[in-house]
Amino acid sequence: MKFLASLVMLLMIPCLMMGQLSIEWHSDSVKSGYSLDDIGFEYVIKNQDTVNDVQVTWMLTHDTSDSKHPNQVDNLWQDYMCEAIFVCWPYTQRSNTFTLEAGEEIEMYHHIWSLHAEDSGMHVSSAIIYQEGDSANTAQTMTVVANVTPIDTLFMTWNGTYIAIVDGDSFELFHGQYVPLSVSDVNSNTSGLGQNYPNPAHFTTNIPYAFSEGTGIIKVYDLLGNEIAASALRNQVGQLALNTGFPSGMYFYALWVDGHLIDRKRMQVIH
């Protein structure tokens, strides 16, 4: 029991010690995004030695076991590494060694980039990070996971189950994969909004929506609750192409059906 308690405590430590090096997560290691998204994960590497410089090496490897086309993984999605914000290596650069001065720390941005609109599933990429000359004691694997969904996916709760509707077909998300639901009346009983894409939006963005009956309208509000845009919906299931000509900032968009608020989500606009 003491061993198990100690193990649990070690697993709960967010800062991973590696001899002179430490790694601290600054974002979640598992994220969800839409196809065509560039999903970023951030962690910080620090040289704990305040006297000596160290040489740090990272190596990227990715898991193709969940890919529909393992031999074409680089055509479906890619992973790449950025050392701080100024040095981003292409996905063909699978390793690099750099100097971390005494007491210095550096932000590492580990990316998974979905390349196709039809891309979906769980993508796994790992970075093996170690100190040159002391790899046996300092090697640490930092694994990131991106759960990618098609851009026309609408998430709903149906009979207590969290489901996804893609092109009118209903699925349950199970271990990063879409499992078809053998029900015929899901679509007729779901109403809500999907997350807009792209997000942040620049000049236009797309908002997936669905409602079973009535007259729908999507309204956009600023952070003070002022309505700044409204678009009537012609169909009960579809996507609204929204012109985001309003100033940069954070906004909310809401689905109203027959005067009743059905769903609301947040979006960011950057010009």
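For the structure itself, look to the data block above.
Residues numbered from 1 in each chain as written. Predicted model: local features only at pLDDT ≥ 70, side-chain atom pairs only at ≥ 80, totals over all residues. Heavy atoms only, no water.

### Focus on the overall build of the protein
Part 1: What the protein contains, in helices and strands, is 3 helices and 22 strands.
Part 2: The buried share of the protein, reckoned over its 271 residues, is 39%.
Part 3: For the protein, contacts bridging at least 24 residues in sequence account for 62% of all contacts bridging at least 6.
Part 4: Of the roughly 14,700 Å² that the protein leaves accessible, carbon and sulfur atoms contribute 53%. (Helix = DSSP H or I, 4+ residues; strand = E, 2+ residues; numbered from the N terminus. Buried < 20%, exposed > 50% of the residue type's maximum accessible area, 1.4 Å probe, protein only. Contact = heavy atoms within 4.5 Å. Areas by Shrake-Rupley, 256 points an atom, 1.4 Å probe, with all protein chains shown as cover.)

### Focus: a nonpolar patch on the surface
Part 1: Taken together, the side chains of Ile85, Phe86 and Val87 present a nonpolar region at the surface, about 360 Å² in accessible area.
Part 2: Tracing the backbone shows Phe86 in the loop between strand S6 (77-83) and strand S7 (87-88).
Part 3: Looking at Phe86, the relative accessible area reads 75%, which means it is exposed. (Patch = residues over 30% accessible without salt bridge, like charges linked within 9 Å, V, L, I, M, F, W, Y side chains within 5 Å. Salt bridge = Lys/Arg side-chain N within 4 Å of Asp/Glu carboxyl O.)

### Looking at the nonpolar core
Part 1: Core analysis: the biggest nonpolar cluster contains 17 residues, and Ile218, Val220, Phe246 and Met267 have the highest contact counts within it.
Part 2: Among the secondary structure elements, those contributing two or more residues to this core are strand S17 (204-210), strand S18 (216-221), strand S20 (237-243), strand S21 (249-257) and strand S22 (260-269).
Part 3: Counting residues per element, this core draws most heavily on S21, at 4 residues.
Part 4: For Phe246, the contacting residues outside a window of four places in its chain are Val220, Ile228, Ala229, Tyr251, Met267, Val269 and His271. (Core = buried A, V, L, I, M, F, W, Y, C linked by side-chain atoms within 4.5 Å.)

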